[in-house]
Amino acid sequence: MDRLFLSYLSLLTIILCCQIDFGGALRVEINPPQTNNIFPTEIHLSCRLDDDHHCQVKEIIVVEMIYQNVRPIAILRQNSELSIGKGLERDFSAEGFISKNVSESYLHVTLTKPRKEDSGVYSCAVYHLNEMGILNEMRANASLEVNNVDVTTVLQEMMEKISRLEIDLSEEKNKSKVIETMLKKRVALLEAKVEEQEAESMKNIHLMEEELKELKNDSTFMDSKLKHVTAHHVTKKQMMSEVGKIKSKIVEKEKEIMERVSRLEKQLENQIEHSLTTENSINNYMGSLETKIIEHDKHFTNQTNTLQLQLKEQGISLKQLNETESFSVAFSAGYTKTIKLFKGNAMIFDDVMTNVGQGYNKSSGIFTAPRAGFYYFQLSMTIRSVNWIDVELRNKGKALGRIVVGDRSWDDQSSTSVVTRLEAGETVIPIVFSIGSTYAPNSLLLHSYTTFSGYLLKEV
């Protein structure tokens, strides 16, 4: 009896182990788990089972993908028979396979053009037999959040940003005008001060000249006195001593005057040099201020052009964007590397950034209209060489638009755009029509600035 009880207890322990520990082997993967793109394309949901646990699965019976924990959306049975439930009221695709190797079993669900209503909890339920033949159920959950962006809101934010940039630029220009006025006043004051110091220096020089003239008069007087002394029979020794004293006094006075004149001239030169230095500093500051204003204007222009380009990439105008929810056909492609172009070759863009409607083929470089309507196309190119390249946008062998780039000693950029009507199945492709030489080794496209874009304006 005790041995039977111990056997029953061991069996119960094994069953509980399988039911408790196996939960970590099941997972639900959502890629991406969150999206807020203007044109989201697909979301992939995967249910996978890892067979790396000590409690092994003997046989998988059913795998289900469930929405909000109650509504099955895809059911995969033991013979890999797949059926679609009514958990989602929308179109989607599913695929799956049940293998004897647990890690190879899977169930995939793909949601195309996800909407906000697709947000919620997605569960994976696996019904299986363990090695003891007992039916067990395992579940794992994952959450999905879809936030479709309102195009009108994005455009309004862009327009508000442009408005703020214009206000900032206006304030900077007003500040520069105030600073310029203050600097002009300061320059005028400095010029007046220099003129005043020059007048004072000239006055001092005039006074010194008067003193020198008086000294000369004293010398004349002394000469007259000397003659008078000679007339009164003054001894020669006394006369020479008196003359020597007078000459020494004259030399000292002239030396003092010259030193004072030298000091005044040096002071005047220093004042003039200081005034010139101040004027140069003011001119340099005014130059840097003008450069700053020009750079600010250029930055504002670049910001405005960038915002306008973003608007242009989203559509022709705000009015057209408000009339339609989203573009049914749109593409934009560029290069991932710098390439060489040859005459007669098609331009094949390998970096496809947008391809709504799958109209652009990056293998052939051909755009094929999925539906009839009016289409807008733009080709923008930048080339680095002194050669030139002529490219055409062709439809049915005829040129819709044409662009010539190059023939300069620096980088050259140009673009062309065209609006045309296409029937479903018609194609448009950029072709190198002619080139500056049969083979142009220096004609390299700068891939960061070379793009081919287009979208459906109106379906007919």
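As the structure is a computational prediction, the values presented were derived from the model and not from experiment.

Scoring rules and cut-offs
Sequence order sets the numbering: in each chain, residues are counted from 1 along the sequence as written. For this predicted model, a pLDDT threshold of at least 70 governs which residues receive local features, and a threshold of 80 or more governs which side-chain atom pairs are given and counted, while totals over whole chains, interfaces and linings are taken from all residues. Heavy atoms throughout the structure, all of them, feed into the side-chain values; hydrogens and water do not. Think of it this way: any DSSP run of H or I at least four residues long counts as a helix, any run of E at least two long counts as a strand, and we number them from the N terminus. Buried residues are those whose accessible area, probed at 1.4 Å on protein chains only, stays under 20% of the maximum for their type, while exposed residues exceed 50% and partly exposed ones sit between those limits. Two residues form a contact once any of their heavy atoms are found within 4.5 Å. The Shrake-Rupley method, run with a 1.4 Å probe, gives the accessible areas here. Residue values count only the displayed protein chains as cover. Within this analysis, patches are made of residues with over 30% relative accessible area and no salt bridge. Like charges are joined at 9 Å or less; nonpolar side chains (Val, Leu, Ile, Met, Phe, Trp, Tyr) at 5 Å or less. Any Lys or Arg side-chain nitrogen found within 4 Å of a carboxyl oxygen on Asp or Glu counts as a salt bridge. Charge counting treats Lys and Arg as positive and Asp and Glu as negative, with His and both chain ends excluded. By convention, the charge on Lys lies at NZ, on Arg at CZ, on Asp at CG and on Glu at CD. Criterion for a disulfide: a pair of cysteine sulfur atoms at a distance within 2.5 Å. Under the pairing criterion, centres of Phe, Tyr and Trp rings, with the six-membered ring standing for Trp, must be within 6.5 Å; the plane angle then separates stacked pairs below 30 degrees from edge-to-face pairs above 60, leaving the rest tilted. The criterion is simple. A nonpolar core is a set of buried Ala, Val, Leu, Ile, Met, Phe, Trp, Tyr and Cys residues joined through side-chain atoms within 4.5 Å. In short, DSSP must find at least two bridges between two strands for them to pair. For every element, the axis is a line fit to its C-alpha atoms; helices are fit only across the contacting stretch, and the angle between N-to-C directions ranges from 0 to 180 degrees.

**Here's the deal with the overall build of the chain**
Logical step 1: For the chain, the helix and strand inventory stands at 4 helices and 22 strands.
Logical step 2: Looking at the chain as a whole, 33% of its 460 residues qualify as buried.
Logical step 3: In the chain, of all internal contacts separated by at least 6 residues, the share reaching a separation of at least 24 is 67%.
Logical step 4: Carbon and sulfur atoms make up 52% of the accessible area of the chain, which totals about 29200 Å².

**Overview of a negative patch on the surface**
Logical step 1: A contiguous patch of negative charge, built from Glu 209, Glu 210, Glu 214 and Asp 218, is present on the exposed surface.
Logical step 2: Within the secondary structure, Glu 214 is located in helix 2 (residues 151-231).

**Some points on the state of the cysteines**
Logical step 1: Scanning the entire structure with this criterion turns up 1 disulfide.
Logical step 2: Put simply, Cys 47 and Cys 124 are joined by a disulfide, and their sulfur atoms are 1.6 Å apart. As the torsion about the S-S bond is roughly -50°, the Cys 47-Cys 124 disulfide counts as left-handed. Remark: Cys 124 occurs in strand 9 (residues 120-130) and Cys 47 occurs in strand 3 (residues 42-49); sequence separation between them is 77 residues. Per residue, the accessibility class of Cys 47 equals that of Cys 124, and both read buried.

**Section: the packing of aromatic side chains**
Logical step 1: Within this structure, the stated rule accounts for 13 aromatic pairs.
Logical step 2: Seen from their ring centres, Phe 367 and Tyr 375 are 5.7 Å apart, and the 65° between their planes marks the pair as edge-to-face. The pair Phe 367 / Tyr 375 is uniform in exposure class, with both members buried.
Logical step 3: Every member of this aromatic cluster is reached through a ring pair, and the members are Phe 331, Tyr 335, Phe 349, Tyr 360, Phe 367, Tyr 375, Phe 377 and Phe 452.

**So, the nonpolar core**
Logical step 1: Counting residues in hydrophobic clusters, the biggest one holds 30 residues, and the most contacted among them are Val 63 and Tyr 122.
Logical step 2: In contact with Tyr 122, not counting residues within four places along its chain, are Val 28, Ile 30, Leu 45, Ile 66, Tyr 67, Ile 73, Leu 88, Leu 111, Ala 140, Asn 141, Ala 142 and Leu 144.

**Re the sheet that holds strand 8 (residues 106-112)**
Logical step 1: The strand order across the open sheet built from 4 strands is 1-3-8-7, with neighbouring strands paired in antiparallel fashion. Both edges of this open sheet fall to strand 1 (26-31) and strand 7 (93-97), since each of them pairs with a single strand only. Pairs of neighbouring strands in the sheet enclose a mean axial angle of 10°, with direction left out of account.

**Topic: unusual backbone geometry**
Logical step 1: Cis geometry is found at the peptide bond from Asn 31 to Pro 32, where omega equals -5°.
Logical step 2: One can find Pro 32 in the loop between strand 1 and strand 2 (34-35).
Logical step 3: One non-glycine residue with positive phi stands out, namely Gln 68, at about 60°.
Logical step 4: With respect to the helices and strands, the residue Gln 68 is situated in the loop between strand 4 (57-67) and strand 5 (71-77).
Logical step 5: Accessibility expressed as a relative area gives 33% for Gln 68, which makes it partly exposed.

**Focus: the pairing of strand 4**
Logical step 1: Strand 4 sits mainly inside the fold: 8 of its 11 residues count as buried.
Logical step 2: Note: strand 4 against strand 9, 9 bridges, orientation antiparallel. By the bridge assignment, Val 62 is partnered in strand 9 with Tyr 127.

**A short note on the pattern of salt bridges**
Logical step 1: Across all of its chains, the model carries 10 salt bridges by this definition.
Logical step 2: Here Glu 137 and Arg 139 are joined by a salt bridge, their closest N and O atoms 2.7 Å apart.
Logical step 3: Take Arg 139: its relative accessible area is 40%, and that puts it in the partly exposed class.
Logical step 4: For Glu 459, the salt bridge is made with Arg 371, and the minimal N-O distance between the two is 3.5 Å. Here Arg 371 lies in the loop between strand 15 (366-368) and strand 16 (373-384) and Glu 459 lies in strand 22 (residues 451-459), a separation of 88 residues in the sequence.
Logical step 5: For Glu 459, a relative accessible area of 47% puts it in the partly exposed group.
Logical step 6: In the salt-bridge network here, residues are joined through shared partners; they are Asp 390, Glu 392, Arg 394 and Arg 402.

**Considering the side chain of Glu 64**
Logical step 1: Within the secondary structure layout, Glu 64 lies in strand 4.
Logical step 2: Within the buried core, Glu 64 has no salt-bridge partner, and the shortest N-O distance to an opposite charge, that of Arg 139, equals 5.5 Å.
Logical step 3: In this view, Glu 64 contacts Ala 74, Ile 75, Leu 107, Ser 123, Cys 124, Ala 125 and Tyr 127; residues no more than four positions away in its chain are not counted.

**Remarks on the side chain of His 128**
Logical step 1: Mapped onto the fold, His 128 is located in strand 9.
Logical step 2: His 128 has contacts with Val 57, Glu 59, Ile 60, Ile 61, Ile 134, Leu 135, Asn 136 and Met 138, leaving out every residue within four places of it along the chain.

**Considerations on a nonpolar patch on the surface**
Logical step 1: On the surface, Phe 374, Val 419 and Val 460 cluster together to form a nonpolar patch covering roughly 250 Å² of accessible area.
Logical step 2: Relative to the helices and strands, Phe 374 is located in strand 16.

**Overview of the sheet that holds strand 17 (residues 388-395)**
Logical step 1: Across the sheet, 5 strands lie side by side as 14-15-20-17-18; this open sheet has antiparallel pairing. This sheet does not close on itself; its edge strands, each paired only once, are strand 14 (360-361) and strand 18 (398-406).
Logical step 2: Note that strand 17 and strand 20 (residues 427-435) share 6 bridges and pair antiparallel. By the bridge assignment for strand 20, Ile 389 is matched with Ile 435.

**Overview of the pairing of strand 10 (residues 135-146)**
Logical step 1: Residue alternation in strand 10 divides its side chains into a buried set, Asn 136, Met 138, Ala 140, Ala 142, Leu 144 and Val 146, and an unburied set, Leu 135, Glu 137, Arg 139, Asn 141, Ser 143 and Glu 145.
Logical step 2: The pairing of strand 9 with strand 10 spans 10 bridges and is classified as antiparallel. When the sheet's bridge partners are listed, Leu 129 is paired in strand 10 with Leu 135.
Logical step 3: Taken together, strand 9 and the strand that follows it, strand 10, pair antiparallel across an intervening segment of 4 residues, in which Gly 133 is found at a positive phi of about 80°.

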